[in-house]
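Inside the fold
Each chain is listed here by its residues.
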Amino acid sequence: QFPFGRRLPCDIYWHGVSFHDNDIFSGQVNKFPGMTEMVRKITLSRAVRTMQYLFPLEYNFYPRSWILPDESSFFEKEIRVMKDRDPSWKPTFIVKPDGGCQGDGIYLIKDPSDIRLTGGLQSRPAVVQEYICKPLLVDKLKFDIRLYVLLKSLEPLEIYIAKDGLSRFCTEPYQEPTLKNLHQVFMHLTNYSLNIHSGNFIHSDNVNTGSKRTFSSILCRLSSKGVDVKKVWSDIISLVIKTIIALTPELKVYYQSDIPAGKPGPTCFQILGFDILLMKNLKPMLLEVNANPSMRIEHEQELSPGVFENVPSPVDEEVKVAVIRDTLRLVDPQKQKKKDIQYLICPFFPSTLLNISPCVAQKQLCLYMKFFNTTVFLCYRCQTLEHVSDTKEELLDAGPPDRLEHDANKNTEAGLPSLCLKQVFPKYAKQFNYLRVVDRVAALFIRFLGVKGTTKLGPTGFRTFIRNCKLSNSNFSMASVDILYIDITRRWNSMGIDHKESGMCWQAFVEAFFCLAQKKYKSLPLHEQVASLIDFCEYHLAVLDEKRLVCGRG
C-alpha cells in the first residue's frame, strides 16, 4: 500500500472512471481518453449514423434514431410522413437521456407529441429511437445481453470478445407496447438496476435460471431447439467489430489530444460493456455501449428493514472474474517472466486484499473498484492465479481457435484456464477493413489540426487542408471554402458541441468532407465518393511529403 501516493511508475494503472483519474506518463492505463464521451447516447448515435450513410446495409443493427432537441422538428415531420404513407403503421419509440445510466429517465411514447419536457430538453438532451417491438422471449420474458469487449489497442486496432456474457431479464411477461402498458418498466426495460426492485426478481445460485443468467445458458437452450447458435454468435461478433470501427475515428482525435504522437505517454486498453438485444428472428440489435460496465460480483440483500448485506452472485462471478483475469493476462508487459504478482494499491483500497490469495484478490478487485469508485494501481508481473471454470467455451467459440489463443494456452502457467477472451480483430480484419473509410478521414483531420493537444480545426488549418490536397479550383474558390467552413462550423457549434475550444469539431469536418466528396464525384454512391476523395487527398499529400523530403536532403 502507498497511502501517500507512489513516486515510481507502475506497469498497469487501473482507473475507476476515466483516463483522467490521475496524471499518467508511462505504462498502461485501463481507459482511453474520450471513451466516456464517445459512448454517450448522442455521440454513439452520430458515429453509427455516419457509417449508416456510407454502408446502410452493414449498419442496420442500430435502431433508427433522432437527437433531441436538435432534430425534434425533423423527427415529428418524418414520423408524420411515414404514417401518411402507411396508416396501419403504429410505431413505439423509446426516449433515452443522453447522460442517463441504469435506466434513469427512459420512457416509451407512441407519438412525438408525447415527449416529456420536464426540466427541458435543452438542459437534458436525449436520443429517441424506434422501439424494438418483437424481441426474442425466453420464458415469456424480454431479456438483453451484456457482452464484455476488450479494446486492447487503437493503433493497430485489436479487439477481444469474452466468450460468455450476462443475460438480464425483465420481471413481467412481455406484451407488445400499447397505451395501457407503456409505463410498465418491468415489462419493457431490461436494466438490472430497475428490475432488481421488482417483487418478481429472482436471485439464483444457478447460471441457467433466475433474472440474471449467463448468455451461454441461453445459447444452450436455443441450440436444443435447433437454432444455429454459431450464426447468432457470428452476427454478434460482426456487430461488435462494426460498432468499434464506427467509434475509432473520433476516439483517435481524443487520443492524439491527450497523448500526442512522438511524445512519451501511456498506452491504453479498456473493457467495454455492449448491451445487445436479440430480435424474434435472432438478429442482434445494439442498444448501447458502456465505458464503465459494472464489475461487481455480489448484490445487496435486505435482511430486515433498512439492514442489508452483500451476497455473492455466482453468475456475475463466473463471467466477470474471467474477464478481469484475462484482460490482465493479455496486457501483462512481462508475460515471459514468472514472478509473484504485486498489487500496488491506492490509499482507499482495503488493506485486507494484500493478505489473501491472488484469485480471491481479483474477485475483490472486481467489487471494490466499482463500489468505491476509486483508482487501483497494478504492478503486474505474472499470472499465478487459481483455476476458474470455463465449461461454456466450446459452444461460444464460433470457428477454430485463434493462433494467439493456441500459443497462449500452450505456454499457460500451471492451473490457469484457457483465455475467455477471443480475438476477433485483426483476426477478421479482411472481412471488415473495407469499412474503415472514416479512419482515413480522421488521419487527414488530425494532420491539419496544427496545435498539439487540440480537437478542433481552425480556419487556417482548413484552408491549408484544401490547398495541400488541391481541392480548390475555378468552380470552388477559396472564398467558397471559407463560406463552407463558417456555415458548417456555426451549425455544429450551435448544437452544444464542446465550446471550450473554437473551431471546426470532428463531426463538422466529416460533414464538410462528405460535402466536398459529393461535389467532386457526383455520379458515384456516397461511400465511393468519400473513398475517391480520400485517395485523391492522400496522393497529393504523399507528393507534397516527397517534395519536402527532397528539399530537406538538399
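Residues numbered from 1 in each chain as written. Predicted model: local features only at pLDDT ≥ 70, side-chain atom pairs only at ≥ 80, totals over all residues. Heavy atoms only, no water.

An unreviewed UniProt entry lists the protein under the name TTL11 polyglutamylase, with Dromaius novaehollandiae given as the organism.

1. Overview of the overall build of the protein
Filter applied, for reference: Under the scheme used here, helices are H or I runs from DSSP no shorter than 4 residues and strands are E runs no shorter than 2 residues, and both carry numbers assigned from the N terminus. Exposed residues in this analysis have more than 50% of their type's maximum accessible area, buried residues have under 20%, and partly exposed residues fall in between, with area computed by a 1.4 Å probe over protein chains only. Note on contacts: a residue pair is in contact if any heavy atoms of the two residues lie within 4.5 Å. Using a 1.4 Å probe, the Shrake-Rupley method yields the accessible areas, and only the shown protein chains count as cover for residues.
Counting its regular elements, the protein contains 17 helices and 19 strands. Taken over 554 residues, the protein has a buried fraction of 54%. Of the contacts formed within the protein by residues at least 6 apart in sequence, a portion of 70% connects residues at least 24 apart. Accessible surface, the protein as shown: approximately 25700 Å² in total, 54% of it carbon and sulfur.

2. Thoughts on the environment of Phe274
Within the secondary structure, Phe274 is located in strand β13 (residues 270-278). In this structure, Phe274 is in contact with Ile145, Arg146, Leu147, Val149, Leu239, Val240, Thr243, Ile244, Leu286, Glu288 and Val289, ignoring residues within four places of it in sequence.

3. Quick word on the sheet that holds strand β4 (residues 93-97)
Note the cut-off: Think of it this way: DSSP has to see at least two bridges between two strands before they count as a pair. Note on geometry: axes are C-alpha line fits, over the in-contact stretch for helices, and angles between N-to-C directions span 0 to 180 degrees.
The antiparallel open sheet is built from four strands, whose spatial order is β3-β6-β4-β5. Taken across any chain shown, the strands that pair with only one partner, and hence form the sheet edges, are β3 (65-68) and β5 (107-109). In this sheet, neighbouring strand axes are inclined to one another by 25 degrees on average, regardless of whether the strands run parallel or antiparallel. Note that β4 and strand β6 (residues 126-130) share five bridges and pair antiparallel. Directly across from Pro97, in β6, lies its bridge partner Ala126. The sheet strands contacting helix α2 (residues 41-54) are β3, β4 and β6, and the helix crosses β3 at an angle near 135 degrees. On the sheet, helix α3 (residues 72-85) packs against β3, β4 and β6 and is oriented at approximately 145 degrees with respect to β3.

4. What to know about the side chain of Thr454
What counts here: Any pair of nitrogen or oxygen atoms within 3.5 Å is treated as a polar contact; in protein, a donor-acceptor pairing is required on top of that, and neighbouring residues in sequence qualify only through side-chain atoms on both sides.
Relative to the elements of secondary structure, Thr454 occurs in the loop between α13 (437-447) and α14 (459-468). Polar contacts involving the side chain of Thr454 include one to the main-chain amide nitrogen of Lys456, which spans 3.3 Å. With sequence-adjacent residues up to four places away left out, Thr454 is seen in contact with Gln256, Ser257, Leu449 and Glu501.

5. What about the side chain of Gln529?
Looking at the element boundaries, Gln529 is found in helix α17 (residues 526-553). Residues in contact with Gln529, not counting those within four places in the same chain, are Ala517, Gln518, Tyr521, Lys522 and Leu524.

6. Topic: the pattern of salt bridges
Stated formally: The working definition used for a salt bridge is a side-chain nitrogen of Lys or Arg within 4 Å of a carboxyl oxygen of Asp or Glu.
Applying the stated rule across the entire model yields 26 salt bridges. Between Arg440 and Asp535 there is a salt bridge, with the nearest N and O atoms lying 2.6 Å from each other. Here the residue Arg440 occupies a position in helix α13, and Asp535 occupies one in helix α17, the gap between them amounting to 95 residues. Since its relative accessible area comes to 28%, Arg440 is described here as partly exposed. Between Asp482 and Arg463 there is a salt bridge whose closest N-O contact spans 2.6 Å.

7. With respect to the pairing of β4
Remark: a regular strand shows side chains that alternate across the two faces of the sheet. Across the five residues of β4, five count as buried, placing the element largely inside the fold. Taking every second residue as pointing to the same face, both faces of β4 are buried, with Phe93, Val95 and Pro97 on one and Ile94 and Lys96 on the other.

8. Describing the packing of α13 against helix α16 (residues 506-520)
The criterion, for reference: Note on angle classes: values under 35 degrees are labelled roughly parallel, values over 145 roughly antiparallel, values of 65 to 115 roughly perpendicular, and the remainder oblique. Note on convention: near helix rotated counterclockwise from far helix by under a right angle means a left-handed crossing. Clockwise means right-handed. Residues are grouped as follows: Ala, Val, Leu, Ile, Met, Phe, Trp, Tyr, Cys and Pro are nonpolar; Asp, Glu, Lys and Arg are charged; all remaining types, including Gly, are polar.
Between α13 and α16, the least distance of the axes is 11 Å, while the angle of their chain directions is 110 degrees. In terms of axis orientation, α13 runs roughly perpendicular to α16. Here the hand of the crossing between α13 and α16 comes out right-handed. Contact residues: α13 offers Val438, Val441, Ala442, Leu444 and Phe445, while α16 offers Trp506, Phe509 and Phe513. Grouping the amino acids of the contact of α13 with α16 by side-chain chemistry returns eight nonpolar, no polar and no charged.

9. Regarding the packing of α2 against helix α7 (residues 229-258)
In the contact formed by α2 and α7, the axes pass within 9 Å of each other and the chain directions differ by 105 degrees. With respect to α7, the element α2 is oriented roughly perpendicular. Seen from α2, the contacting residues are Thr43, Leu44, Ala47, Val48 and Met51; seen from α7, they are Thr243, Ile245, Ala246, Leu247 and Glu250. Partitioning the contact of α2 with α7 into residue classes produces seven nonpolar, two polar and one charged.

10. Topic: the packing of aromatic side chains
What counts here: For this analysis, a ring pair means two rings from Phe, Tyr or Trp (six-membered ring only for Trp) whose centres lie within 6.5 Å, classed as stacked if their planes differ by under 30 degrees, edge-to-face if by over 60, and tilted for the remaining angles. In this scheme, the term charge over a ring applies when either NZ of a lysine or CZ of an arginine sits within 6 Å of the ring centre and within 35 degrees of the ring normal.
Evaluation of the coordinates by the stated rule reveals 19 aromatic pairs. Relative to Phe61, the ring of Tyr59 lies with its centre 5.4 Å away and its plane at 40 degrees, an arrangement referred to as tilted. On the basis of an interplanar angle of 45 degrees and a centroid distance of 5.5 Å, the ring pair of Phe462 and Tyr485 is categorised as tilted. In this pair, Phe462 is assigned in helix α14 and Tyr485 in helix α15 (residues 478-493), connecting sequence segments 23 residues apart. Across the pair, exposure class does not vary: Phe462 and Tyr485 are buried alike. In this structure, Arg213 is placed above the aromatic ring of Phe169, and the distance from its NZ or CZ to the ring centre is 4.1 Å. For the cation-ring pair, Lys520 lies above Phe536, with the distance from its terminal atom to the ring centre recorded as 4.3 Å.

11. Digging into unusual backbone geometry
Between Leu68 and the following residue, Pro69, the backbone shows a cis peptide bond with an omega angle of 10 degrees. Position of Pro69 among the secondary structure elements: in the loop between β3 and α3. A cis amide bond links Glu155 to the next residue, Pro156, at an omega of 5 degrees. Structurally, Pro156 can be placed in the loop between β8 (141-153) and β9 (158-162). Non-glycine residue Lys140 carries a positive phi angle of around 65 degrees. Tracing the chain through its elements places Lys140 in the loop between β7 (137-138) and β8. Located in the positive-phi region is Leu282, a residue other than glycine, with phi close to 75 degrees. Among the secondary structure elements, Leu282 is positioned in the loop between β13 and β14 (284-290).

12. Considerations on the environment of Gln301
Within the secondary structure, Gln301 is located in strand β15 (residues 298-304). It is 6.5 Å that separates the C-alpha atoms of Gln301 and Val311, two residues lying 10 residues apart in sequence. Residues contacting Gln301, with those up to four places away along its chain left out, are Val307, Phe308, Glu309 and Val311.

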